[in-house]
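# Observations on the model geometry
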Amino acid sequence: MRRFKTLLEAELFGHEKGAFTGALRQRRGRFELAHRGTLFLDEIGEISPVIQVKLLRVLQERQLSAWRERHDIRRCAPGLLHPEDLRKEVAQGRFREDLFYRLNVVHVVIPPLRQRRKTS
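The rules behind these values
- Residues numbered from 1 in each chain as written.
- Predicted model: local features only at pLDDT ≥ 70, side-chain atom pairs only at ≥ 80, totals over all residues.
- Heavy atoms only, no water.
- Helix = DSSP H or I, 4+ residues; strand = E, 2+ residues; numbered from the N terminus.
- Buried < 20%, exposed > 50% of the residue type's maximum accessible area, 1.4 Å probe, protein only.
- Contact = heavy atoms within 4.5 Å.
- Phe/Tyr/Trp six-rings, centres within 6.5 Å; stacked < 30°, edge-to-face > 60°.
- pLDDT = per-residue confidence, 0-100.
- Salt bridge = Lys/Arg side-chain N within 4 Å of Asp/Glu carboxyl O.
- Core = buried A, V, L, I, M, F, W, Y, C linked by side-chain atoms within 4.5 Å.

## Quick notes on the overall build of the protein
Scanning the protein for helices and strands turns up five helices and two strands. Within the span of the protein, comprising 120 residues, buried residues form 32% of the whole. In the protein, once contacts between residues fewer than 6 apart in sequence are set aside, the share between residues at least 24 apart is 57%.

Structure, rendered in structure tokens:
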């Protein structure tokens, strides 16, 4: 499990050469690569509390660390398609409430095709 957390953290935030076993070179993370673009955060409710804290910090400060430049990133969290499920996670203490409210800003409701009117 520790290796998965390290890999997820490295994927999102990047890493320096030698930061962990298998880190043979420096790698830019998804946040840095998404500068002036959109970052699609799938399965957001499944991340560990440690990564939740780091994610919240990046979203609030809009920078990865004190010495790096600020990043302009739009984020899309499809895990919030059913925010009531994530609210249950918050109520049970498995997901940070402040992170939930930081991500739960704009809802785009797209009804299923069967509920849409047919146009010709």
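Continuing now.
## Thoughts on the packing of aromatic side chains
Evaluation of the coordinates by the stated rule reveals one aromatic pair. Taken together, a centroid distance of 5.1 Å and an interplanar angle of 75° make the contact between F100 and Y101 edge-to-face. According to the relative accessible area criterion, F100 is buried, its value standing at 1%.

## Details of the confidence of the model for the protein
The pLDDT averaged across the protein works out to 76; a share of 74% of its residues lies at or above 70. Mean pLDDT across the elements of the protein bottoms out in strand β2 (residues 73-76) (65) and peaks in helix α5 (residues 97-103) (88).

## Re unusual backbone geometry
The backbone of E43 sits at a positive phi, close to 55°, despite the residue not being glycine. Following the sequence through the fold, E43 ends up in the loop between β1 (37-40) and α3 (49-61).

## Some words on the pattern of salt bridges
Counted according to the given criterion, the structure contains five salt bridges. With its nearest N and O atoms 2.2 Å apart, the salt bridge here joins K54 to E9. With K54 in helix α3 and E9 in helix α1 (residues 2-13), this pair connects stretches of sequence that are 45 residues apart. Assessed through its relative accessible area of 22%, E9 is described here as partly exposed. We note a salt bridge from E11 to R30, for which the minimum N-O separation is 2.6 Å.

## Examining the environment of G93
Checked against the element boundaries, G93 lands in the loop between α4 (83-91) and α5. Here the alpha-carbon distance between G93 and P49, two residues 44 residues apart in the chain, equals 9.7 Å.

## What about the nonpolar core?
The biggest cluster of nonpolar side chains holds 19 residues, and the ones touching the most others in it are F31, I44, L55, F95 and L99. When contributions to this core are tallied by element, the ones reaching two or more residues are α1, α3, α4 and α5. If you tally residues by element for this core, the top one is α3, at five residues.

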